[in-house]
Amino acid sequence: MFKRIQYIDEQILQWIHVQHGNALLDSFMPLIRNPYFWAPLYLFLLVYMYMNFGKKGLWWCAFFFMTFVFCDFISASILKPFVHRLRPCRNPELGFMIRNLVACGSGFSFPSSHATNHFGMAMFMSLTWLKHSMKARAIAFAWAALIGYAQLYVCVHYPSDILCGALLGSCLGAFFSTYYHRRIGSLLLGN
């Protein structure tokens, strides 16, 4: 079964990384996966939540940050060392197709911490602050999916790394949104 998953992962990765690679995406995708690229968004969220919701907004930011921290810790410090899967850019069998667009990374591949973190944050946002806007929720998950796709495009993760990271992050985001509701009370919007 694992060989079949590995084969499918490699086929999808080759389709994304090699067959659909182009100069525009080669310059754009490394930016999308860079956490510093999104720093202004995180700063905006902090300021926006405080300016519009005061102390409750700061509590929201604290839970948002806890979601990120737990997603990152579980994926990077527990699961990756346990599973011990090589990144595709470190897999000698895939060396023929790898275009080095970013540094490969020192850790292991499964699950993707980028996917875990961003889907966790998207789920937390969608179940707390964005629950009344389907469009805003869709944007939050599209943002997380774009970051996951960028990880595939630069060939530092396999599709199953992204998929499992997205599922793990979504579960953790749902957990922290439930905990937020129990500890803080009503949602920020409309309640």
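Up top is the structure.
The following paragraphs examine the structure supplied in this document.

Reading the values: the criteria
Residues numbered from 1 in each chain as written. Predicted model: local features only at pLDDT ≥ 70, side-chain atom pairs only at ≥ 80, totals over all residues. Heavy atoms only, no water. Helix = DSSP H or I, 4+ residues; strand = E, 2+ residues; numbered from the N terminus. Buried < 20%, exposed > 50% of the residue type's maximum accessible area, 1.4 Å probe, protein only. Contact = heavy atoms within 4.5 Å. Areas by Shrake-Rupley, 256 points an atom, 1.4 Å probe, with all protein chains shown as cover. Lys, Arg positive; Asp, Glu negative; His and termini not counted. Charge placed at Lys NZ, Arg CZ, Asp CG, Glu CD. Disulfide = S-S within 2.5 Å. 1 Å grid on protein atoms, 1.4 Å probe; cavity = no way out; pocket = protein on both sides within 12 Å on 5 of 7 lines; lining within 4 Å. Points joined across faces, edges and corners; volume = space filled by probe spheres on them. Nonpolar A, V, L, I, M, F, W, Y, C, P; charged D, E, K, R; others polar. Salt bridge = Lys/Arg side-chain N within 4 Å of Asp/Glu carboxyl O. Axes fitted to C-alpha atoms, helices over the stretch in contact; angles between N-to-C directions. Left-handed = near helix turned anticlockwise from the far one by under 90°.

Okay, the overall build of the protein next. Within the protein, the secondary structure is distributed over six helices and zero strands. Going from N to C terminus, the protein has its helices and strands arranged as α-α-α-α-α-α. Taken over the C-alpha atoms alone, the protein extends approximately 55 × 35 × 25 Å along its principal axes. Looking at the protein residue by residue over its 191 residues, the buried ones come to 41%. A fraction of 80% describes how many contacts in the protein between residues 6 or more apart in sequence connect residues 24 or more apart. Of the accessible surface of the protein, which amounts to about 10300 Å², a share of 70% is contributed by carbon and sulfur atoms. For the protein, the separation between the mean place of its 15 positive charges and that of its 6 negative charges on side chains is 16 Å.

Moving on, we come to the state of the cysteines. Evaluation of the coordinates by the stated rule reveals one disulfide. The thiol sulfur of cysteine 61 is not disulfide-bonded, and the nearest other cysteine sulfur, from cysteine 71, lies at 16 Å. Exposure remark for cysteine 61: the relative accessible area of 12% places this residue in the buried category. Counting only cysteine sulfurs, cysteine 89 is the nearest neighbor of cysteine 155, a cysteine outside any disulfide, at a range of 6.5 Å.

All right, on to the environment of tryptophan 143 then. Here tryptophan 143 shows up in helix H5 (residues 134-153). Considering only alpha carbons, one finds tryptophan 143 and histidine 118, 25 residues apart in sequence, at a separation of 8.0 Å. Setting aside its immediate chain neighbours within four residues, tryptophan 143 contacts Trp38, Leu41, Tyr42, His118, Met121, Ala122 and Met125.

Of the volumes computed, that of the largest pocket is approximately 600 Å³. Around the largest pocket sit 29 residues that line it, and Pro35, Tyr42, Phe68, Asn117 and His118 are the ones nearest its centre. Elements supplying a minimum of two residues to the lining of the largest pocket: helix H3 (39-83) and helix H4 (113-127). Ranked by residues supplied to the lining of the largest pocket, first place goes to H3 with twelve residues. Class assignment for the residues of the lining of the largest pocket results in 16 nonpolar, nine polar and four charged. Quantified by volume, the second largest pocket comes out at close to 170 Å³. For the lining of the second largest pocket, the secondary-structure elements that each account for two or more residues are H3 and H5. Top element by residues in the lining of the second largest pocket is H5. It accounts for four residues. Classifying every residue of the lining of the second largest pocket gives ten nonpolar, no polar and no charged.

So, about the pattern of salt bridges. Inspection of the entire model under this criterion finds three salt bridges. Put simply, arginine 99 and aspartate 26 hold a salt bridge, and the shortest N to O gap is 2.8 Å. On the criterion of sequence distance, the pair formed by arginine 99 in the loop between H3 and H4 and aspartate 26 in helix H2 (residues 23-32) is long-range, its members being 73 residues apart. One salt-bridge network, held together by shared partners, links Asp9, Arg85 and Asp161.

The next point concerns the packing of H3 against H4. The N-to-C vectors of H3 and H4 enclose an angle of 145°; their axes lie 8 Å apart at closest approach. Note on packing geometry: the crossing formed by H3 with H4 is right-handed. Of the residues in H4, those in contact with Tyr42, Leu45, Trp60, Phe63, Phe64, Thr67, Phe68, Cys71, Asp72, Ser75, Ala76 and Lys80 of H3 are Ser113, Thr116, Asn117, His118, Gly120, Met121, Phe124 and Met125. Among the residues making up the contact of H3 with H4, the classes are represented as eleven nonpolar, seven polar and two charged.

Here we take up the packing of H4 against helix H6 (residues 159-184). What describes two packed helices is the angle between their axes and the distance between those same axes. With their axes 6 Å apart at the nearest point, H4 and H6 run at an angle of 35° to one another. The two elements H4 and H6 cross, and the hand of that crossing is right-handed. Residues Ala115, Thr116, Phe119, Gly120, Met123, Phe124 and Leu127 of H4 form the contact with H6, whose participating residues are Ile162, Gly165, Ala166, Leu168, Gly169, Ser170, Gly173, Ala174, Phe176, Ser177, Tyr180 and His181. Classifying every residue of the contact of H4 with H6 by side-chain character gives eleven nonpolar, eight polar and no charged.

With respect to the helices and strands, the residue phenylalanine 63 is situated in helix H3. Discounting chain neighbours no more than four positions away, the residues touching phenylalanine 63 are Phe124, Phe176, Tyr179, Tyr180, Arg183 and Ile184.

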